[in-house]
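Commentary on secondary and tertiary structure
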Amino acid sequence: TMVSDKVNSNKFYAIRNNVLYRSTDGGINFTAGASLSFSGSNRLKTVPGFENHIWVPANDGMYRSTDGGITFTKINTGPQRVATLGFGKNAIGQSY
């Protein structure tokens, strides 16, 4: 799956063979970013209003990057197995 950054239309992200690939030229060229230590999904999502924010559902929970896929952090609250996720309008007073 390939997705665009919801703020910067020149940025695209994709996962293949547990490696996140990033493009900063509108999807013409991609470079390898993080090697992902988790597995289970390549259905990554970007967040409206937040450049470089990428979320990935996985067999052991959810992971988030705030640096365009250079690093990922496991979200330790919530479901332990996630097949997909989505973003809507944030709650009043909340950033997400």
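What comes next concerns the included structure.

Calculation criteria
- Residues numbered from 1 in each chain as written.
- Predicted model: local features only at pLDDT ≥ 70, side-chain atom pairs only at ≥ 80, totals over all residues.
- Heavy atoms only, no water.
- Helix = DSSP H or I, 4+ residues; strand = E, 2+ residues; numbered from the N terminus.
- Polar contact = N/O pair within 3.5 Å; in protein donor to acceptor, adjacent residues only side chain to side chain.
- Contact = heavy atoms within 4.5 Å.
- Buried < 20%, exposed > 50% of the residue type's maximum accessible area, 1.4 Å probe, protein only.
- Salt bridge = Lys/Arg side-chain N within 4 Å of Asp/Glu carboxyl O.
- Pairing = 2+ DSSP bridges.

As for its position among the elements, Ser23 is in strand β3 (residues 19–23). At a separation of 2.8 Å, a polar atom in the side chain of Ser23 contacts the side chain of Asp25. Among all residues touching Ser23, those that are not within four sequence positions of it are Asn10, Lys11, Phe12, Ile28, Asn29 and Phe30.

Here the focus is unusual backbone geometry. Positive phi outside glycine occurs at Asn17, with the angle close to 50°. Along the chain, Asn17 turns up in the loop between β2 (12–16) and β3. Phi angles above zero are rare outside glycine, and Asn18 is one such case at about 60°. For Asn18, the position within the fold is in the loop between β2 and β3. Residue classification places Asn18 among the partly exposed positions, given a relative accessible area of 34%.

Scanning the model with the defined rule gives one salt bridge in all. Two residues, Glu51 and Lys11, come together in a salt bridge whose shortest N-O distance is 2.9 Å. Here the residue Glu51 occupies a position in strand β6 (residues 50–58), and Lys11 occupies one in the loop between β1 (2–4) and β2, the gap between them amounting to 40 residues.

Once that is clear, we can look at the pairing of β2. Taken across its five residues, β2 has four buried, putting it largely inside the fold. Of the pairings in the sheet, the one linking β2 to β3 comprises five bridges and is antiparallel in character. Its bridge partner lying in β3, Tyr13 is registered against Arg22.

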